[in-house]
Amino acid sequence: MNFRRLKNWFTDRYDFSDLVKLAQSKTVPVHSGDFLYYTGGMILFLIGLQFITGMILAFYYVPHPDFAHKSIVEIVTKLHLGWFFRSFHHWGAQLTLLFLFIHLFGTLLVKSYRKPREFIWFTGFILLGILIFFGLSGYLLLWDERALAGVKVATGGVKALPLVGTFLMAFLRGGVDVTGETLTRFYAFHVAVLPLVTLLLIGLHALLVQYHGLSVPRREEKNNPASIPFFPNAFYHDLIVWLLLLGVTVTLAVFFPPEIGIKADPLAPTPENIKPEWYFLFVFQTLKLFPGEILGLNGEVMAILLIVTAMGLLFLLPLFDKKSSRGEASPLFTWISVGYIAYIVTMTIIGYLS
Amino acid sequence: MKKLFYTLILLLLSIAPLWGAEGKIEVFPTAPYARYIIYESLAIFWLFILSLVVIIKLKLREIARTQKLGINREDAPIPQLE
């Protein structure tokens, strides 16, 4: 059966003409910040690749504290191209988070969150949190001493939250400490809970983008910027970006395969100079800035409260930026956004270098 | 001579635990032939990607040309004579 006959077979049964018309009528505005549109597509593409490589790895991974580390060593050393799929999954995760941060920072600066797109911002922000947890849960699955220590630090910080802290930490760890129970729990999060939540959120985010259309920076909105049809113009541009991204991810996977440390021992003391993954470094560095005690209060609790408050305010930013919603310039919020970005980037660099 | 002897003994004692340490896990094939195949495949893969990019670029140029001429649009249905 050739392609034309196959196409006819389907079109005899299903009417795709409305979908084709929708794709052809959809337009993508061309403006100075349109690279943000492509970063969104890149994240979607990378998440798709993560699902595929994750499924391949899940065929061989054993989520048990006695066998988890050994199974990864076997994937890497014995399985044909196992090292490649593991490395690709690792670099795919790093790039997804990197482009998520770029997408978020860009959205913040061009104020795409302004009325009526507040819910697009909210879903995107929650998606960032979910994908960070995706990264953390995947990190523990390696079950080496660095992963164990990193997760101890990350989940330990949750305890400092007032009222819900102790419960949340026990819920995440499956007990008081990071043990084999945590590994099982994180595996369930990583392969079942988080993928489902991610798919739902991506669906909602994409649906909202379709509903409101793609945003245009406020300054250029009045000039009525040109637009290109989504299909085929923007779609082919997307395809070029995705192909290059695939090449970069493969190259990183080949030249920089991630190391595997010594098998984790929950009873062993935490090794020195342990640092969390790069996307947690700004939080880690902020915690280091605070002294043990401030005015009789626990310094760590104060730091965690400050970080949570700052992140909460960033989440609710579209509700505070009234001027942008009215289509007016709001330099105060531009500076607040620049402050957030500068702080996160600087602290990440300091944390990485120190 | 005595100093040198003691220094050697101390040096041996200090590095002795390293023999008992777990070896570094190789995360990339070590055989030169396997490495050669991987790098060669990567080069071919990039060639494939860049070729596809060029083809898509040409396709985009063609699409832009037809859109400029307006021949991509479908004609309105011809009015039928009653």
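Each chain carries its own residue numbering, running from 1 in the written order of its sequence. Chains carry letters from A onward and ligands carry numbers from 1 onward, assigned in written order. Reporting in this predicted model follows two pLDDT cut-offs: at least 70 for local features of residues, and 80 or more for side-chain atom pairs to be given and counted; totals over whole chains, interfaces and linings ignore these cut-offs and use all residues.

**Looking at the overall build of chain A**
In step 1: In this text, helices come from DSSP runs of H or I with a minimum length of four residues, and strands from runs of E with a minimum of two, each type numbered from the N-terminal end. Across its full length, chain A carries 16 helices and four strands.
In step 2: Radius of gyration means the value over C-alpha atoms here, while the globule rule gives 2.2 Å times the residue count to the 0.38 power. Taken over the C-alpha trace, chain A has a radius of gyration of 23 Å; the compact-globule value for 354 residues is 20 Å, and the two agree within 12%.
In step 3: With respect to the three principal axes, the spread of C-alpha positions in chain A is 60 × 60 × 35 Å.
In step 4: Exposure classification rests on a simple neighbour count of other C-beta atoms within 10 Å of a residue's own: a residue reaching 20 or more is buried, one at 12 or fewer is exposed, and one in between is partly exposed. C-beta atoms are placed from the backbone. Among the 354 residues that make up chain A, the fraction classed as buried is 32%.

**Looking at the overall build of chain B**
In step 1: A tally of helices and strands in chain B yields two helices and zero strands.
In step 2: Looking at chain B residue by residue over its 82 residues, the buried ones come to 0%.

**Observations concerning the interface of chain A and chain B**
In step 1: The contact criterion used is a C-beta to C-beta distance within 7 Å, with each C-beta placed from the backbone. At the junction of the two partners, chain A supplies 21 residues and chain B supplies 17 residues.
In step 2: Of all the secondary-structure elements, those providing two or more residues to the side of chain A that touches chain B are helix H4 (68-77) and helix H11 (230-255) of chain A.
In step 3: No other element matches the twelve residues that H11 of chain A contributes to the side of chain A that touches chain B.
In step 4: Class assignment of the residues belonging to the side of chain A that touches chain B gives a composition of 16 nonpolar, four polar and one charged. Three classes are used: nonpolar for Ala, Val, Leu, Ile, Met, Phe, Trp, Tyr, Cys and Pro, charged for Asp, Glu, Lys and Arg, and polar for all others, with Gly counted as polar.

**A short note on the nonpolar core**
Most often, soluble globular proteins have nonpolar side chains that are buried together.
Residues and elements named next belong to chain A.
In step 1: Among the nonpolar cores identified, the biggest contains 50 residues, and Ile72, Leu140, Leu141, Leu142, Trp143, Ala147 and Val151 are the most heavily contacted of them.
In step 2: The set of elements that each furnish at least two residues to this core consists of helix H3 (35-58), H4, helix H5 (82-110), helix H6 (118-141), helix H7 (145-158), helix H9 (180-212), H11 and helix H12 (281-289).
In step 3: Of the residues forming this core, the biggest block, eleven residues, is contributed by H5.
In step 4: Ignoring sequence-local partners within four residues, the contact set of Leu140 consists of Ala147, Val151, Thr182, Leu183 and Phe186.
In step 5: One nonpolar core equals one set of buried Ala, Val, Leu, Ile, Met, Phe, Trp, Tyr and Cys residues connected by C-beta atoms within 7 Å. If you look at the next biggest cluster of nonpolar residues, it comprises six residues, including Tyr37, Val110, Leu214 and Ala234.

**Some words on unusual backbone geometry**
Residues and elements named next belong to chain A.
In step 1: Residue Lys115 is joined to Pro116 through a cis peptide bond whose omega torsion reads 10°.
In step 2: Its place among the elements puts Pro116 in the loop between H5 and H6.
In step 3: In the segment running from Phe231 into Pro232, the intervening peptide bond is cis, with an omega of 10°.
In step 4: Residue position: Pro232 is located in helix H11.
In step 5: Phi at Lys111 is positive, roughly 55°, even though this residue is not glycine.
In step 6: Looking at the element boundaries, Lys111 is found in the loop between H5 and H6.

**Focus on the environment of Arg117 of chain A**
Residues and elements named next belong to chain A.
In step 1: Here Arg117 shows up in the loop between H5 and H6.
In step 2: As a C-alpha pair, Arg117 and Pro331 span 214 residues in sequence and 19 Å in three-dimensional space.
In step 3: Excluding its chain neighbours within four sequence positions, the residues that come into contact with Arg117 are Ser112, His212 and Ser215.

**With respect to helix H16 (residues 331-353) of chain A**
Residue and element names in this part refer to chain A.
In step 1: The length a helix should cover is 1.5 Å for every residue beyond the first. Here H16 contains 23 residues, and its C-alpha end-to-end distance of 32 Å stays within 8% of the 33 Å for a straight helix at 1.5 Å per residue.
In step 2: The complete set of buried residues in H16 reads Phe333, Ser337 and Ile344.
In step 3: Along its buried surface, H16 packs onto H5, H12 and helix H15 (322-325).

**A few points about the confidence of the model for chain B**
In step 1: Each residue carries a pLDDT score, the predictor's confidence in it, ranging from 0 to 100. Model confidence for chain B is summarised by a mean pLDDT of 84, while 80% of its residues fall at 70 or above.
In step 2: The ipTM value of the predicted complex is 0.86, and its pTM value is 0.88.

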